[in-house]
Amino acid sequence: MKLLLIDVDDIRADKLAPIIAWTGIDMITINDSNADIYQLVGEMHPEIILVDTNSPSRDTLEHLAQLQKNAPRTVIKLENTRSEGINRLAAEAGISLYAIDAVPTALLQALIDIAIAYFHSIDQLRYEAEHIKPIIEARQVLNKAKKFIMETYGLAENQASDLLSKNADRQRKPVTDVARQLLDTGSFI
């Protein structure tokens, strides 16, 4: 896992370095006010980005807001002063705000752990959603096929299910394939 640190002063970066190293995350520091955020993220593919809101980088907040739309990442925004306008904009962009000045190391570690856990939970949800999608689609095909059988042959739902299962066994095909075939051709053959 990579963490990209953008325009964070050395004092705060020094606070982060041992904690990030302890978690096993690779920390990459960028302090170039002319750096192109899109290019950096595209080349480095960081899972976590920390950036100072007072960064001299051109339109850093806007870049990150755009980044959220194109390549979602956990983004933690660092700032010295709390600005309601920036907080609201960051919240709309899906950016979490944490101030690390005068924050004890243990609390900072907890914040980083929360950010990492959040990233992993979102990643896990995406993974699960992708794997459940075919199951839902198969269930929809089966339901449509049963409805077709019930309306065409005047059978009850359990009889329609049995008919699909028997034809799947006879054809030695998965029941979902037989259901698709029935919907496509109007017959079991």
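Throughout what follows, the structure given in this document is the object of discussion. (Residues numbered from 1 in each chain as written. Predicted model: local features only at pLDDT ≥ 70, side-chain atom pairs only at ≥ 80, totals over all residues. Heavy atoms only, no water.)

## Points about the pairing of strand β2 (residues 26–30)
Thought 1: Relative to β2, strand β1 (residues 2–6) runs parallel, the two being bridged by five bridges. What sits directly across from Lys2, in β2, is Asp26.
Thought 2: Regarding the hand of the β-α-β motif, the stretch spanning β1, helix α1 (residues 10–23) and β2 is right-handed. (Pairing = 2+ DSSP bridges. Helix = DSSP H or I, 4+ residues; strand = E, 2+ residues; numbered from the N terminus. Right-handed = clockwise from strand over helix to strand, strands pointing away.)

## Describing the environment of Ser33
Thought 1: Structurally, the position occupied by Ser33 is in the loop between β2 and α2 (37–44).
Thought 2: C-alpha separation for the pair Ser33 and Asp7, spaced 26 residues apart in sequence, amounts to 7.3 Å.

## Focus: the pattern of salt bridges
Thought 1: Enumeration according to the criterion identifies two salt bridges in this entry.
Thought 2: For the salt bridge of Lys146 with Glu157, the shortest nitrogen-to-oxygen distance reads 3.3 Å. Of this pair, Lys146 sits in helix α5 (residues 105–153) while Glu157 sits in helix α6 (residues 157–171), and the two are eleven residues apart along the sequence.
Thought 3: When its relative accessible area of 12% is taken as the criterion, Lys146 is described as buried.
Thought 4: When the shortest N-O distance is used, the salt bridge between Arg180 and Asp177 registers 3.8 Å. Of this pair, Arg180 and Asp177 both sit in helix α7 (residues 175–185), three residues apart, which is roughly one turn of the helix.
Thought 5: Residue class for Arg180 comes out partly exposed when judged on its relative accessible area of 36%.
Thought 6: Judged by relative accessible area, Asp177 falls into the partly exposed class, the value being 37%. (Salt bridge = Lys/Arg side-chain N within 4 Å of Asp/Glu carboxyl O. Buried < 20%, exposed > 50% of the residue type's maximum accessible area, 1.4 Å probe, protein only.)

## Looking at the nonpolar core
Thought 1: Listed in full, the eleven residues of the largest apolar core are Val141, Leu142, Ala145, Ile149, Ala160, Leu164, Ala168, Val178, Ala179, Leu182 and Phe188.
Thought 2: Sort the elements by how many residues they give to this core and α5 lands first, with four residues.
Thought 3: Those residues within four positions of Ala179 in sequence are excluded, and the remaining contacts are Val141, Leu142, Ala145 and Leu164.
Thought 4: Core analysis: the next-biggest nonpolar cluster, separate from the first, contains ten residues, Leu4, Ile30, Leu40 and Val51 among them. (Core = buried A, V, L, I, M, F, W, Y, C linked by side-chain atoms within 4.5 Å. Contact = heavy atoms within 4.5 Å.)

## Re α6
Thought 1: With 15 residues, α6 extends 21 Å from end C-alpha to end C-alpha; this agrees with the ideal 21 Å at 1.5 Å per step.
Thought 2: Along α6, the residues that are buried comprise Ala160, Leu164, Asn167 and Ala168. Seen along its axis, α6 keeps its buried residues to an arc of 105°; they face one direction. For α6, the exposed residues lying more than 90 degrees away from the buried face are Asn158, Lys166, Asp169 and Arg170.
Thought 3: Positioned one or two residues after α6, Arg172 has a phi angle of 55°, which is positive. (Expected span 1.5 Å × (residues − 1). Arc of directions from axis to C-beta.)

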